[in-house]
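Reading the structure
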Amino acid sequence: MTKRKIRVGILFGGRSGEHEVSLTSAQGIMKAIDKDKYEVVSIGITKQGRWMVGGDPMQALRAAADMPPALAALADAQIPAPQTVLVPMEPSRTALTTVTAPLELDVIFPVLHGPYGEDGTVQGLLELTGLPYVGAGVMASAVGMDKAVAKDVFRAHGLPLLPHCVVLRKTWQADPAGVIDTCEAMLRYPMFTKPVNLGSSVGISKVHDRAELSAGLNEAARFDRKLIVEQGIQAREIEVSVLGNDDPIASVPGEIIPSREFYSYAAKYIDEDSQLLIPAPSPKDRLNRYANWH
């Protein structure tokens, strides 16, 4: 008797500024996933927030990404509404009900980047339905996305932090000179300007003087109502993956050698010259500490 495959709903796209990054990530997952064990169901979300099931959502979103914004919004408006709703069925299964027929899923793999997907919002929706999902829960997702809140949590647990200041977009627009004066009093150049709630280095600038600080805050303000300015230092870019809940395990550390002055969006997704060293060059005793976490 053939064992039933696990039906995985791969959720991608979304309303954030990282929409295109999400498409790329989802394509990589769908290519790598074990087709003998899993049955993949593609679920796309347009930049306007419409959910797409059936046909080829990836192709549709890729095509929309190449359209001018006004034309993409017009095409999105042609999608029947409501497109999808999540309906609980039983503890281990949930129906994703479309306008045509119910679609049963065993688990959702959210591959959404940034707000409205990586910040606890979709995780909360899935918690309400009782549908299992991959990745961090609501609180961890929300804290991990908000750089200002994350720093408050780190500080409360005694982790060392570099100087930084958080400013609302409203304050920046009302008193730009005052904001710059405050940042220059607290920090020294170079600094980093960032949207508080976004990833993939979208909206991030490394600034070296007052004019660049102004331009960097304007760029960050395009993506969020909360902005953060951080002290820049000479540092290595080290990453460690963690898997698990009550008994987490960590990977060995990897080091990123960016192709540009910092690990910008272009260095991550456009250039082909950035390098990843695994394991990161490090004293053996330190690497052994990571290895013992497995």
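Everything in this summary refers to the structure shown in the same document. Here the residue index of a chain counts from 1 through its sequence in written order. Given that the model is predicted, a residue must reach a pLDDT of at least 70 before its local features are reported, and side-chain atom pairs must reach 80 or more before they are shown or counted; all residues, however, enter totals for whole chains, interfaces and linings. Side-chain descriptors were evaluated using all non-hydrogen atoms of the structure, hydrogens and water having been removed beforehand.

Aromatic contacts are taken between Phe, Tyr and Trp rings whose centres are within 6.5 Å, Trp giving its six-membered ring; a plane angle under 30 degrees counts as stacked, one over 60 as edge-to-face, and the others as tilted. Within the structure shown, the criterion is met by two aromatic pairs. On the basis of an interplanar angle of 55 degrees and a centroid distance of 5.0 Å, the ring pair of Tyr 265 and Tyr 269 is categorised as tilted. Of this pair, Tyr 265 and Tyr 269 are both found in helix 10 (residues 265-269), four residues apart, which corresponds to roughly one turn of the helix. The rule is simple: take the accessible area with a 1.4 Å probe, protein chains only, and divide by the maximum for that residue type; under 20% is buried, over 50% is exposed, in between is partly exposed. Since its relative accessible area comes to 38%, Tyr 269 is described here as partly exposed. Over a ring means this: the NZ of a Lys or the CZ of an Arg is within 6 Å of the ring centre and within 35 degrees of the ring normal. Positioned above the aromatic ring of Tyr 116 is the side chain of Arg 15, whose terminal nitrogen or guanidinium carbon lies 4.0 Å from the ring centre. By definition, any uninterrupted DSSP run of H or I lasting at least four residues is a helix, any uninterrupted run of E lasting at least two residues is a strand, and each is numbered from the N terminus.

Salt-bridge detection follows one rule: a side-chain nitrogen of Lys or Arg within 4 Å of a carboxyl oxygen of Asp or Glu. Summed over the entire model, instances satisfying the criterion amount to twelve salt bridges. A salt bridge links Asp 152 to Arg 155; the nearest nitrogen and oxygen atoms lie 3.1 Å apart. Linking Asp 152 with Arg 155, this pair stays in helix 6 (residues 147-156), spanning three residues, or about one helical turn. For Arg 155, a relative accessible area of 44% translates into the label partly exposed. One network of salt bridges, with partners in common, ties together Lys 151, Lys 194 and Glu 230.

At a closest axis distance of 11 Å, the pairing of helix 8 (residues 176-186) and helix 9 (residues 210-221) adopts a crossing angle of 115 degrees. Here the hand of the crossing between helix 8 and helix 9 comes out right-handed. When helix 8 is examined against helix 9, the residues Ala 177, Val 179, Ile 180, Asp 181, Cys 183 and Glu 184 are found in contact with a partner set consisting of Arg 210, Leu 213, Ser 214 and Leu 217. Note on residue categories: nonpolar means Ala, Val, Leu, Ile, Met, Phe, Trp, Tyr, Cys or Pro, charged means Asp, Glu, Lys or Arg, and polar means any other residue, Gly included. Class assignment for the residues of the contact of helix 8 with helix 9 results in six nonpolar, one polar and three charged. To obtain each axis, a line is fitted to C-alpha atoms, and for helices this fit is confined to the stretch in contact; angles are then taken between N-to-C directions over 0 to 180 degrees. By convention, the crossing between two helices is left-handed when the near helix turns anticlockwise from the far helix through less than a right angle, and right-handed when the turn is clockwise. The contact definition used throughout considers only heavy atoms, calling two residues in contact when any of these lie within 4.5 Å.

On the surface, Val 149, Val 153, Phe 154, Leu 159 and Leu 161 cluster together to form a nonpolar patch covering roughly 360 Å² of accessible area. Looking at the secondary structure, you find Val 149 in helix 6. Taking the relative accessible area as the measure of exposure, Val 149 reaches 33% and is therefore partly exposed. Patches draw on residues past 30% relative accessible area with no salt bridge. Two like charges within 9 Å are joined, as are two nonpolar side chains (Val, Leu, Ile, Met, Phe, Trp, Tyr) within 5 Å. With residues, only the protein chains shown are counted as cover, and all accessible areas are computed by Shrake-Rupley using a 1.4 Å probe.

This next bit is on the sheet that holds strand 2 (residues 38-45). We call two strands paired when DSSP finds no fewer than two bridges between them. Here four strands make up an open sheet; going across it, the order is 3-2-1-7 and the pairing mixed. The open sheet terminates on both sides in strands that have one partner only, identified here as strand 3 (51-53) and strand 7 (107-110). On average, each strand axis in the sheet is inclined to that of its neighbour by 30 degrees, with strand direction left out of account. As defined by bridge partners, strand 1 (residues 6-13) adjoins strand 2 across eight bridges and the pair is classed as parallel. The residue bridging Phe 12 from the neighbouring strand is Gly 44, located in strand 2.

Next up on the list: the sheet that holds strand 10 (residues 205-207). The sheet built from four strands is open, its strands ordered 8-11-9-10 with antiparallel pairing. Each end of this open sheet is capped by a strand with a single partner; those strands are strand 8 (164-168) and strand 10. Looking at each pair of strands side by side, their axes are set apart by 25 degrees on average, direction ignored. Set on the sheet, helix 6 makes contact with strand 8, strand 9 (191-195) and strand 11 (226-231); between it and strand 11 the angle comes to about 50 degrees. Sitting on the sheet, helix 8 touches strand 8, strand 9 and strand 11, and the angle it makes with strand 8 is about 165 degrees.

Within the fold, Ser 205 resides in strand 10. For Ser 205, a relative accessible area of 18% translates into the label buried. In this structure Ser 205 touches Met 191, Phe 192, Thr 193, Gly 216, Glu 219 and Phe 262, once residues within four positions along its chain are discounted.

The subject of this paragraph is the packing of helix 1 (residues 19-32) against helix 2 (residues 57-65). When two helices pack together, their arrangement is given by the angle between the helix axes and the distance between those axes. Running from amino to carboxyl end, helix 1 crosses helix 2 at an angle of 150 degrees, the nearest separation of the two axes being 11 Å. Classed by the angle they form, the pair helix 1 and helix 2 counts as roughly antiparallel. Crossing handedness for the pair helix 1 and helix 2: left-handed. Where helix 1 approaches helix 2, its residues His 19, Glu 20, Leu 23, Thr 24, Ala 26, Gln 27 and Met 30 are matched on the opposing element by Met 58, Leu 61, Arg 62 and Ala 65. Split into classes, the residues belonging to the contact of helix 1 with helix 2 amount to six nonpolar, three polar and two charged. Each angle gets one of four labels, with under 35 degrees taken as roughly parallel, over 145 as roughly antiparallel, 65 to 115 as roughly perpendicular, and the rest as oblique.

This next bit is on unusual backbone geometry. Note that the residue after Tyr 189, namely Pro 190, is joined by a cis bond; omega there is 0 degrees. Within the secondary structure layout, Pro 190 lies in the loop between helix 8 and strand 9. For the peptide bond that leads from Ile 278 to Pro 279, omega is -5 degrees, which places it in the cis range. Within the secondary structure, Pro 279 sits in the loop between strand 16 (275-277) and helix 11 (284-291).

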